[in-house]
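Structural features, examined
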Amino acid sequence: MKTDRIHLKAPGCWINDPNGFIYYKGQYHLFYQCFPYAVEWGTMHWGHAVSRDLVNWEHCGIALFPSRYEDQNGCFSGSAVEHEGKMYLYYTGVHYDTINPQNIHKNPNDRYESSQIMICSEDGFTFDNLNGKRVIIPPFADREPADRTHTRDPKVWRGKDAWYMVLGSRTNDDRGQLLFYRSVDLQEWHSVNRVTKETTLGWMWECPDLFETADGAVLMVSPMGVLKDGKREANHAVCLPVEFEESTCNLTFSQEYQFVDYGMDLYAPQSTVDEQGRRVMIGWMRMPEAVEGRWNGMFCIPRIVERKDSHIYFRVHPNVERAFSKKISSPKEAGESGYRLSLELPEGGRIDIGGYKVTRIGNRICTDRSDVFTGHEAWRMEAATPEIKEGNHLDIYVDRNLIEIYVNHGEYVLSSVVYDLGMEIRSEAVETLEIYTVDSNRESKGGQMMCD
Ligand code: FRU
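Summing up its helical and strand segments, the chain has one helix and 34 strands in all. Its C-alpha atoms give the chain a radius of gyration of 21 Å, near enough to 22 Å, the size a compact globule of 452 residues would have. Its C-alpha atoms put the chain at 60 × 50 × 45 Å along the principal axes. Here the chain holds 452 residues, and the buried ones make up 61% of them. Intrachain contacts of the chain at a sequence separation of at least 6 include 58% that bridge at least 24 residues.

What follows is the structure, given as C-alpha cells:
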C-alpha cells in the first residue's frame, strides 16, 4: 500500500475534504472525499488512510462507495465516533434529480436531495456498504425548515448526557445555518435547534465542527460565498469563539471570525481528539492543477487548536514538529518530506524560498507566490496575516507543493499551494535562520502494514 510522510496526498486521483477523523484502537483513521477514477471532482467515495503518529500515513483504499438510492450519486462529507469498541460513520448521501447523460459523475443543475446516513464498523477497516447503511435523517421536503439540497456534513460528538450532531445548511433567505440533533443510542436522532448568525456569513455553511476547549467553545465552519473579490475560491474556512449550551443546543457568537488559515487554500477542516486528549484538526489544501497530471488534493500538517482570550491558535502537532529533528545547512540536503525553516523575521525582513516570497510589512506576514504558481491567474497570488502581536518567530514547513507558515507558534497560520519550487533560499534582515529535515532513521514507522 502507498505511504506518505508529513502531508497525506491524493493516492493518484482526486481528493477533497477530510472525513471521519478519529483516534480509534491505537491508530488515527482519516477518511476523505475521493473520486477514484479521474483527477477531478466526481461521484464521491470515502478514501481511507491510517497513521500511528500523525507523521507517517498509509493508504487503505476505498471505505465507502455509493450503493443505495439515497447515496447513488455520492457519499459526501461526515464524521466518526467510537462507541463500545465500534466505529460509527455519519455522512451525507446525495441523489441527483436528473442525470447528465454524457457524464453521470457531475450534477447538471445543482438540484439533488441530501440524506444523512450512518454505517457501523466492528474494526474501522471493514464497512458493509451493501447491507450496513441506514438513513437516519431523510431529505427535507423543500426549503423549510432546511434546504433539501444544501443540508449536509454531519459532525457527531459525545456530549455530557447524549450524542449530538451538527449539520451545515442554508435558510430559505439564503444564509448559512446550523441544525442540531440529539440521540441517546446513535440510531434515532431528534431535532433540537437551528442557529444562524445575525450578520451574513456566506449563503450556505459547509462542514461545521463544534468543540469545547479549556478556554471555551470553538466553531469551525466553511461558508460558501464568503469572499467577494471575484477570485477562486469564494468559499473559505473560518473559526469563531462561541458559547454553546448543550441542553438547548443554543449557540451564541460573541466575537468576529478569524480565518482558519490566511493562505486562502485550506478548506473544510475537521477536528478530533488526539491520543493525549488535545484537539487536533486537519484541512484540505485546494489545488488548481494536478501534480504531474496524476493527483490533486492534499492535507495540511495536523494542527493543535487552542482558544486563549478569544483568539484561536493553530499549532503544529508536536509529533510533526519533533520529526523535523535533523539540522541541515541547505534545502538540497532535505529528504522527500521537505524541510522546516526556523527564523526570526523582524519588521522589514524578507525571505525568498525557491521563488516563494515572504515579507514582514506593517506587522503582517505577507506572501507572494506568483513565481511558483504560474498559469492560475483566477487564484490569489498574494496573502497576508492580520497584524501579529506576539513576536517575530516563524516556522515554515516547505514541501514540494505546499508551504505552511506558522507565525509565533500558531498565532496565525498561512499556507500556500505551490508548483515548481526552486532550491535556493535568499534572505534579508532575517535573524537566526535554521533548517531542519526529517530524520529518516528515527521516523521509520511508515513501513508497518497498519491496514491489515
Ligand atoms: C466541501 C464539500 C462538502 C461536501 C463535499 C462534497 O468541500 O462541498 O460540503 O460534503 O465537499 O465533496
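So that's the structure; there's more coming.
Turning to the pattern of salt bridges, a few remarks are in order. Under the definition given, this model contains 34 salt bridges. The residue K133 makes a salt bridge to D71 at a minimum N-O spacing of 2.6 Å. In this pair, K133 sits in strand β9 (residues 133–137) while D71 sits in the loop between β5 (56–64) and β6 (75–83), placing the two residues 62 residues apart along the sequence. Of the two residues, K133 and D71, neither departs from the other in class, the shared state being buried.

The domain boundaries assigned to the chain delineate domain 1 (3–319) and domain 2 (332–437). Each of domain 1 and domain 2 has a C-alpha centre, and these two points are 28 Å apart. Of the residues lining the interface, 32 residues belong to domain 1; the matching set on domain 2 comes to 30 residues. For the pairing of domain 1 and domain 2, the buried interface totals around 2800 Å² over both sides, and the portion due to carbon and sulfur atoms is 54%. Looking at the side of domain 1 facing domain 2, the largest losses of area belong to R232, Y262 and P288, adding up to 23% of the total buried there. Put simply, domain 1 and domain 2 have four salt bridges between them.

Judged by pairing direction, the sheet is antiparallel, and its four strands sit side by side in the order β10-β11-β12-β13 without closing on themselves. One side of each edge strand has no neighbouring strand; the edge strands of this open sheet are β10 (152–158) and β13 (190–196). Strand-to-strand, the axes of this sheet are offset by a mean angle of 25°, without reference to chain direction. In this structure, β10 lies alongside strand β11 (residues 163–170), joined through five bridges in antiparallel fashion. Bridge pairing in β11 places W157 opposite Y164.

Time to look at the side chain of Q177. In this structure, Q177 sits in strand β12 (residues 176–183). The class of Q177 is buried, set by a relative accessible area of 3%. Excluding residues that lie within four positions of it along the chain, Q177 makes contacts with P145, A146, L167, G168, S169, R170, T171, R194, V195, T196 and W205.

Attention now moves to the site of the ligand. If you check the shell around the ligand, you find N16, D17, Q33, W41, M44, F76, S77, R152, D153, E206, Y267 and W284 and nothing else. Within the backbone of S77, one N or O atom sits 3.1 Å away from an oxygen atom of the ligand. In the complex, 91% of the free accessible area of the ligand, which totals 320 Å², lies under the protein chains. For the shell around the ligand, the secondary structure elements donating two or more residues are β2 (14–24), β6 and β10. Looking at the shell around the ligand, its residues break down into five nonpolar, three polar and four charged.

Counted according to the given criterion, the structure contains two cavities of 30 Å³ or more. Taken as a whole, the largest cavity holds about 80 Å³ of empty space. Around the largest cavity, the lining comprises 14 residues; the ones closest to its centre are P18, G78, C207, P208 and Q270. Within the residue set of the lining of the largest cavity, elements represented by two or more residues are β2, β6, β10, β14 (204–213) and β19 (266–273). Here the residues of the lining of the largest cavity sort into six nonpolar, four polar and four charged.

The rules behind the values
- Residues numbered from 1 in each chain as written.
- Predicted model: local features only at pLDDT ≥ 70, side-chain atom pairs only at ≥ 80, totals over all residues.
- Heavy atoms only, no water.
- Helix = DSSP H or I, 4+ residues; strand = E, 2+ residues; numbered from the N terminus.
- Rg over C-alpha atoms; globule rule 2.2 N^0.38 Å.
- Buried < 20%, exposed > 50% of the residue type's maximum accessible area, 1.4 Å probe, protein only.
- Contact = heavy atoms within 4.5 Å.
- Salt bridge = Lys/Arg side-chain N within 4 Å of Asp/Glu carboxyl O.
- Domains from an automatic or database assignment.
- Buried area = accessible area lost by both parts, 1.4 Å probe.
- Pairing = 2+ DSSP bridges.
- Axes fitted to C-alpha atoms, helices over the stretch in contact; angles between N-to-C directions.
- Near = heavy atom within 4 Å.
- Polar contact = N/O pair within 3.5 Å; in protein donor to acceptor, adjacent residues only side chain to side chain.
- Areas by Shrake-Rupley, 256 points an atom, 1.4 Å probe, with all protein chains shown as cover.
- Nonpolar A, V, L, I, M, F, W, Y, C, P; charged D, E, K, R; others polar.
- 1 Å grid on protein atoms, 1.4 Å probe; cavity = no way out; pocket = protein on both sides within 12 Å on 5 of 7 lines; lining within 4 Å.
- Points joined across faces, edges and corners; volume = space filled by probe spheres on them.

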